[in-house]
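A structural walkthrough
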Amino acid sequence: MQIFSCPFCGPRPEYEFHFGGDLGNHRPEGPEVSAEVWAQYLHFRNNPKGASEEIWLHMTCGEIFALQRDTLTMEAAPGQALTAAEGRP
Amino acid sequence: MPDRSGFWPAPPAPDARLEGEGLSVRQLPPVPQVMVSGATDRFLAARDLGPAVGLLGQVTPGRYALRLARHRMLVAGVRQDHQTAGWQDGVATTPMTGALAVLEIAGPNGMALFARASAIDPRLSSASAALDFAGVHAALCRVEGALRLHVDRGLVPYLFDWIAATGMAR
């Protein structure tokens, strides 16, 4: 069982969490967004082998947070609370 | 139209109880409950309540508050009618008495049932009493040696079935 650490609740089992995408994949704003930028936002994922930065949701408390995780070793650092403005810890 | 009433399980009787070795599970009579969001500390101070406890926190049976999230808690033992519910002074209140049932899990094997229902390490403290218990969202605390599980009322038949299926109580 993989254990993730919610910034508010602490260590919890993985089934209480939901993947939320790559960290920093912000929705494009404004009327002049090109099709390529939309495609990048909607369809392309980093999918790294090794260290990754992701957004996760802790479904029981509703906390949305940043998680640094290694996709190779499955090591996961404690989650970091997001700042509302930046979408980053 | 075909009669589908037999497809849906009847809810357990109000006095239904599951008994097993060192384990007793029953649904409590409706416990007054209020969901509070926003300035939760202000709500607690106004009603002279202690701090909201986290997972498996010890509370007194009369009135208590369970922390669910940073700015949300479930308060038990406090009545709130629908007319006065809503946003007021930075606090949002929602009556939850009808929405949430309270199961009492008593006996020395109560924590063994918890271990079947969740992979959470009970030795670690957690700021939030909310958890995934046997696949459903719930909130869990301790009251006078027993566990109290606050869970959607509509899921009580499922939980009774699930507990019976573990073989720990029937």
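Up top is the structure.
These figures come from a predicted structure and were not determined experimentally. Within each chain, residues carry numbers counting from 1 in the order of the written sequence. Each chain takes a letter, starting from A, and each ligand takes a number, starting from 1, following the order in which they are written. The model is predicted, so local features are restricted to residues of pLDDT at least 70 and side-chain atom pairs to those at 80 or more, both for listing and for counting; the totals for chains, interfaces and linings are taken over all residues. Each side-chain value is derived from all of the structure's non-hydrogen atoms; neither hydrogens nor water enter the calculation.

Residue and element names in this part refer to chain B. The pairing criterion is simple: DSSP has to find at least two bridges between the two strands. Numbering goes from the N terminus for both helices and strands, where a helix is a DSSP run of H or I of at least four residues and a strand is a run of E of at least two. Taken in spatial order, the 5 strands line up as β5-β6-β3-β8-β7 in an open sheet, and their pairing is antiparallel. On the outer flanks of this sheet lie β5 (64-69) and β7 (86-88), each paired with one strand and no other. Within this sheet the neighbouring strands show an average axis-to-axis angle of 25°, counted without direction. By the bridge criterion, 5 bridges tie strand β3 (residues 33-38) to strand β6 (residues 72-76) in an arrangement that is antiparallel. The partner of Ser 37 across the bridge, within β6, is Arg 72. Here the axes come from fitting lines to C-alpha atoms, over the contacting stretch only for helices, and the angles between their N-to-C directions go from 0 to 180 degrees.

Between chain A and chain B, the residue contacts involve 14 residues of the former and 18 residues of the latter. Roughly 1,200 Å² of surface becomes buried between chain A and chain B when both sides are summed, with 57% attributable to carbon and sulfur atoms. Once two parts are put together, the accessible area they lose, assessed with a 1.4 Å probe and summed over both, is termed the buried area. Summed over the three residues of chain A that lose the most area to chain B, namely Phe 8, Arg 12 and Tyr 15 of chain A, the buried surface amounts to 44% of that side. Here a salt bridge means any side-chain nitrogen of Lys or Arg lying within 4 Å of a carboxyl oxygen belonging to Asp or Glu. Taken together, the connections running from chain A to chain B amount to 1 salt bridge. A salt bridge links Arg 70 of chain B to Glu 63 of chain A, with the nearest nitrogen and oxygen atoms 2.8 Å apart. Polar contacts, as counted here, are pairs of nitrogen or oxygen atoms within 3.5 Å of one another; within protein the pair requires one atom able to donate a hydrogen and one able to accept it, and residues that are adjacent in sequence qualify only if both atoms are side-chain atoms. On inspection of chain A and its partner chain B, the count reaches 7 residue pairs in polar contact (both at pLDDT 80 or more). Here the side of chain A that touches chain B gets 3 residues from one element, more than from any other, and that element is strand β2 (residues 10-13) of chain A. Every residue pair with non-hydrogen atoms within 4.5 Å of one another is taken to be in contact.

This part is about the environment of Asp 70 of chain A. Residue and element names in this part refer to chain A. Along the chain, Asp 70 turns up in strand β5 (residues 63-70). Taking the C-alpha atoms as reference, Asp 70 lies 19 Å from Gly 10; in sequence the two are 60 residues apart. Look past the residues within four positions of Asp 70 in its chain and what remains in contact with it is Gly 50, Ala 51 and Glu 75.

Working note: non-glycine residues mostly have negative phi, and peptide bonds are mostly trans. Residues and elements named next belong to chain B. The backbone of Asp 48 sits at a positive phi, close to 55°, despite the residue not being glycine. Mapped onto the elements of the fold, Asp 48 is located in the loop between α1 (40-46) and β4 (57-59). Buried, partly exposed and exposed residues are distinguished by accessible area as a fraction of the type maximum, computed with a 1.4 Å probe on protein chains only: under 20%, between the cut-offs, and over 50%, respectively. On the basis of relative accessible area, Asp 48 is assigned to the exposed category, the value being 69%. In the Ramachandran plot, Leu 56 falls in the positive-phi region, its phi being about 60° despite a non-glycine side chain.

Let us look at the pairing of strand β8 (residues 91-95) of chain B. All names here are of chain B. Of all 5 residues in β8, 4 are buried; the element is thus mostly enclosed. Bridging between β3 and β8 involves 5 bridges; their strand directions are antiparallel. Pairing of Met 35 across the sheet is with Thr 94, part of β8. Note: β7 against β8, 3 bridges, orientation antiparallel. When the sheet's bridge partners are listed, Gly 86 is paired in β8 with Thr 93. Between the end of β7 and the start of β8, which pair antiparallel, lie 2 residues, with Asp 89 showing a positive phi angle near 55°.

All right, on to the packing of aromatic side chains then. Two aromatic rings from Phe, Tyr or Trp, using only the six-membered ring of Trp, form a pair when their centres are within 6.5 Å; if the ring planes differ by under 30 degrees the pair is stacked, by over 60 it is edge-to-face, and anything between is tilted. Following the criterion strictly, the structure yields 6 aromatic pairs over all chains and no others. Arranged with centres 5.5 Å apart and planes meeting at 75°, the rings of Phe 4 of chain A and Phe 17 of chain A form a pair that is edge-to-face. Of the two residues, Phe 4 of chain A sits in strand β1 (residues 3-6) while Phe 17 of chain A sits in strand β3 (residues 17-22), which places them 13 residues apart along the sequence. Neither Phe 4 of chain A nor Phe 17 of chain A differs from the other in exposure class; each is buried. Taken together through their ring pairs, the aromatic side chains of Phe 4, Phe 17, Phe 19, Trp 56 and Phe 65 of chain A make up a single cluster. Sitting over the face of the ring of Phe 7 of chain B, Arg 4 of chain B holds its NZ or CZ atom 4.4 Å from the ring centroid. Each ring is checked for a lysine NZ or an arginine CZ that lies within 6 Å of its centre and within 35 degrees of its normal; such an atom marks a charge sitting over the ring.

Keep in mind that these numbers describe shape and distance, not what the molecule does.
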